[in-house]
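Each chain, written out:
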Amino acid sequence: MPLADFLGALKDNPYFGAGFGLVGVGTALALARKGAQVGMVFFRRHYMITLEVPSRDKSYHWLLSWITKHAKHTQHLSVETSYLQHESGRVNTQFDFHPSPGNHIIWYKRKWIRVERTREKQMVDLHTGTPWESVTFTALGRDRDVFFSILREARELALKQEEGRTVMYTAMGAEWRPFGFPRRRRPLRSVVLEHGIAERIVDDVKEFIANPKWYIERGIPYRRGYLLYGPPGCGKSSFITALAGELGYSICLMSLSDRSLSDDRLNHLLSVAPQQSIILLEDVDAAFISRELLPTENPLAYQGMGRLTFSGLLNALDGVASSEARIVFMTTNFIDRLDPALIRPGRVDLKQYVGYCSRWQLAQMYGRFYPGEPAAEGERFAERALAVQPELSAAQVQGHFMLYKMDPAGSIENVEKIEH
Ligand SMILES: Nc1ncnc2c1ncn2[C@@H]1O[C@H](COP(=O)(O)OP(=O)(O)OP(=O)(O)O)[C@@H](O)[C@H]1O
Ligand SMILES: [Mg+2]
């Protein structure tokens, strides 16, 4: 190799180049940049601490609420709307604000913490069909305690929100997600059912929960099914919500007419339902009618989407065996439309008719709504109401009282105006 070429090669090599005093300005800059990079990596490795929480993790949603609370000044929010349509057409929506994807800086325990929420555009969580997300916390120093303390706080915050409240879950893909904020518990006595009915169900459920041994010793799956049936607006759903509150249970609301529900998915969902929860299948009669549409009327079925079959439902109900108490409530307006196989003992152990208001119920409701009034007034209301309309739902009666909030006598005088 000629000497000139050899020197040229050396010049390109920064280490030798520097040694030979041949280094150019460009090389020096490159060196400095490299040095800075190495330094940054070193610094990150030794003086910064990060925690990544993927969206699959249980604590992810707690942390989002925690961030929202702490990043008070952030102006970049994203909204998460929960939307739920019941078979009856009723729609519930709820808006939750969360910090939007990007960086947020939080001052916490005399430390600056950078929070980065990232959302992968290309990656989708196959289980839930939602974009893959994570939050990463970065703090200076080597002290992990700050993260533990954030996680602890986030959990406490979440539990406090749930205290005295009933958490509603809905199925998202293969897992259960809380739906909206936990609702304030509804007191059981606020739902007035016919004399003795509420007690009958509450006693049955409590006895069931208290006696796992009985089932295990006999090799009987530890689950119990309930069916509430009767006309609309008489308190089936309200009672189940209040019962969950009374037990301190959450509710897993499942719509059988959800077209993306397949046998496998239902089976899986029932087996991974959160502990201490009631599985609620509303309007079970509607599930299969809407599914039997011709393929032309029901395009999704035509596309060959996995569908829930009736035998799939039965298998899923039979299969929910766990050491945890498994409580399934079903409701329907039309018990005679249900296949007897669905409501045979073992699948439905207790059936209860929840019907129009009896005289006793009407008097009770009057007493609850107007606590200061003498009992005789309640009787008078009940008698007159039934004379006007023998089939009154509790929802109608409640609506009527609302019009006479401050006027108990008026609610009796105008009883014939009860909305039909
Ligand atoms: N027995 C009751 N005591 C007090 N309030 C009631 C009672 N029944 C119904 N309501 C009130 O009426 C409304 C509708 O009741 P709910 O949704 O529980 O009826 P449902 O029986 O589930 O009807 P559907 O068959 O249409 O689902 C609720 O706001 C509830 O507060
Ligand atoms: Mg209902």
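For every chain, the first residue of the written sequence is number 1, and numbering continues from 1 along that sequence. Lettering for chains starts from A, numbering for ligands starts from 1, and both go in the order in which the items are written. Given that this is a predicted model, residues contribute local features only at a pLDDT of at least 70 and side-chain atom pairs are listed and counted only at 80 or more, while totals for whole chains, interfaces and linings are drawn from all residues. For side-chain calculations, the full set of non-hydrogen atoms in the structure is used, while hydrogens and water are omitted.

Draft legend 1. Here's a closer look at the nonpolar core. Judged by nonpolar contacts, the single largest core of 32 residues is most densely connected at I201, F239, I278 and F329. With residues near it in sequence (within four places) discarded, F329 still touches I201, V205, Y226, L228, I240, L243, I278, I279, L280 and L281. The set of buried Ala, Val, Leu, Ile, Met, Phe, Trp, Tyr and Cys residues whose side-chain atoms join them within 4.5 Å is what this entry labels a nonpolar core. Remark: exposure states derive from per-residue accessible area (1.4 Å probe, protein chains only) relative to the maximum for the residue type, with buried under 20%, exposed over 50%, and partly exposed in between. Residues L261, V328, I343 and V348 belong to the second largest nonpolar core, which totals 27 residues. The contact definition used throughout considers only heavy atoms, calling two residues in contact when any of these lie within 4.5 Å.

Draft legend 2. Spotlight on the side chain of K236. Each helix is a run of H or I in the DSSP string that is no shorter than four residues. Each strand is a run of E no shorter than two, and both are numbered from the N terminus. Structurally, K236 can be placed in helix α8 (residues 236–247). An unpaired buried charge is present at K236: no salt bridge exists, and D283, the closest side chain of opposite charge, is 6.8 Å distant. Setting aside residues no more than four positions away along its own chain, K236 makes contact with L228, Y229, G230, P231, T331, T332, N333 and V354. Positive: Lys, Arg. Negative: Asp, Glu. His and the chain ends are not part of the count. Here a salt bridge means any side-chain nitrogen of Lys or Arg lying within 4 Å of a carboxyl oxygen belonging to Asp or Glu.

Draft legend 3. Examining the packing of helix α4 (residues 59–70) against helix α5 (residues 145–162) more closely. Every axis in this analysis is a line fitted to C-alpha atoms, fitted for helices over the stretch in contact. Angles between the N-to-C directions lie between 0 and 180 degrees. Relative to each other, α4 and α5 sit at 95°, their axes nearing to 8 Å. Looking at the two axes, α4 sits roughly perpendicular to α5. For the pair α4 and α5, the contacting residues are S59, W62, L63, S65, W66, K69 and H70 in the first and I150, L151, E153, A154, R155, L157 and A158 in the second. Under the grouping applied here, Gly and all other residues not named as nonpolar or charged are polar, the nonpolar ones being Ala, Val, Leu, Ile, Met, Phe, Trp, Tyr, Cys and Pro and the charged ones Asp, Glu, Lys and Arg. Classifying every residue of the contact of α4 with α5 by side-chain character gives 8 nonpolar, 3 polar and 3 charged. Oblique is the label for every angle not falling under 35 degrees (roughly parallel), over 145 degrees (roughly antiparallel), or within 65 to 115 degrees (roughly perpendicular).

Draft legend 4. Broad picture of the site of ligand 1. Any residue with a non-hydrogen atom lying within 4 Å of a molecule or strand is treated as near it. What surrounds ligand 1 is a group of 17 residues, the closest being V192, K236, S237, S238 and N333. Think of a polar contact as two N or O atoms within 3.5 Å of one another; within protein, one of them needs to be a possible hydrogen donor and the other a possible acceptor, and neighboring residues in sequence only count if both atoms come from side chains. At 2.7 Å from an oxygen atom of ligand 1 is found a side-chain nitrogen or oxygen belonging to K236. Contact distances for ligand 1 include 2.7 Å between an oxygen atom and a side-chain N or O atom of N333. Its free accessible area being 630 Å², ligand 1 has 84% of it covered by the protein chains. Among the elements of the structure, α8 and α15 (394–403) are those that each provide at least two residues to the shell around ligand 1. To be clear on the numbers: accessible area is Shrake-Rupley with a 1.4 Å probe, and residue cover counts the displayed protein chains and nothing else.

Draft legend 5. Up close: the confidence of the model for the protein chain. Confidence of the predictor at the level of single residues is given by pLDDT, which spans 0 to 100. On average, residues of the protein chain score 82 in pLDDT, and 81% of them reach the 70 mark or higher. Note on residues 6–11: pLDDT is under 50 here. Beyond four places in sequence and across chains, it has 7 contacts. Here residues 290–295 is a poorly scored stretch, pLDDT under 50, and it has 13 contacts once near neighbours within four places are set aside; other chains count.

Draft legend 6. How the structure looks around the pattern of salt bridges. Counted under the stated rule, the structure contains 14 salt bridges. Its salt-bridge partner being D204, residue R224 comes within 2.6 Å of it at the nearest N-O pair. Linking R224 in strand β11 (residues 223–229) with D204 in helix α6 (residues 197–210), this pair joins segments that are 20 residues apart in sequence. Of the two residues examined, R224 and D204, each falls in the buried class. Two residues, E217 and R218, come together in a salt bridge whose shortest N-O distance is 3.9 Å. Among the charged side chains, a salt-bridge network with shared partners connects E377, R380, R384 and E413.

Draft legend 7. Structural context of unusual backbone geometry. The backbone phi angle of Q276 is positive, close to 50°, even though this residue is not glycine. Turning to its location among the elements, Q276 is positioned in the loop between α9 (263–271) and β13 (277–281). Under the relative-accessibility criterion, Q276 is labelled partly exposed at 41%. With phi around 50°, D283 is a residue other than glycine that occupies positive phi space. Relative to the elements of secondary structure, D283 occurs in the loop between β13 and α10 (284–289). Overall, the relative accessible area of 17% leaves D283 in the buried class.

Draft legend 8. Fine view of α5. The span you would expect from a helix comes to 1.5 Å times its residue count less one. When the terminal C-alpha atoms of α5 are compared, their 26 Å separation across 18 residues agrees well with the 26 Å that a helix rising 1.5 Å per residue should span. Every buried residue of α5 is listed here: V146, F147, S149, I150, A154, L157 and A158.

Draft legend 9. Quick look at the packing of helix α13 (residues 359–369) against α15. It is the contact of α13 with α15, at a shortest axis distance of 11 Å, that shows an interaxial angle of 35°. By crossing handedness, the relation of α13 to α15 is classed as right-handed. Across from L362, M365, Y366 and F369 in α13, the residues of α15 making contact are A394, V397, Q398, F401 and M402. Grouping the amino acids of the contact of α13 with α15 by side-chain chemistry returns 8 nonpolar, 1 polar and no charged. Crossings are sorted by hand: turned counterclockwise from the far helix by less than a right angle, the near helix makes the crossing left-handed, and turned clockwise it makes it right-handed.

Draft legend 10. Up close: the state of the cysteines. The criterion for a disulfide is a pair of cysteine sulfur atoms lying within 2.5 Å. Counted by the stated rule, this structure contains 0 disulfides. Just so you know, C357 is unpaired, no disulfide at all, and the nearest cysteine sulfur is the one on C234, 6.4 Å from it.

Draft legend 11. View of the environment of Q364. Within the element layout of this structure, Q364 appears in helix α13. Q364 sits in the partly exposed class, given a relative accessible area of 27%. A sequence separation of 172 residues divides Q364 from V192, and the C-alpha atoms of the two residues are 7.2 Å apart.

Draft legend 12. Quick peek at the sheet that holds strand β12 (residues 250–254). Any two strands with at least two DSSP bridges between them are considered paired. The 7 strands lie next to each other as β9-β8-β12-β13-β14-β11-β15, forming an open sheet whose pairing is mixed. Two strands lie at the open edges of the sheet, namely β9 (175–178) and β15 (350–353), each paired on one side alone. The average undirected angle you get between the axes of adjacent strands in this sheet is 25°. Relative to strand β14 (residues 326–332), β13 runs parallel, the two being bridged by 4 bridges.

Draft legend 13. Quick look at the environment of V272. You can see V272 is positioned in the loop between α9 and β13. Once the C-alpha coordinates of V272 and W176 are considered, the two residues, 96 residues apart in sequence, prove to be 8.0 Å apart.

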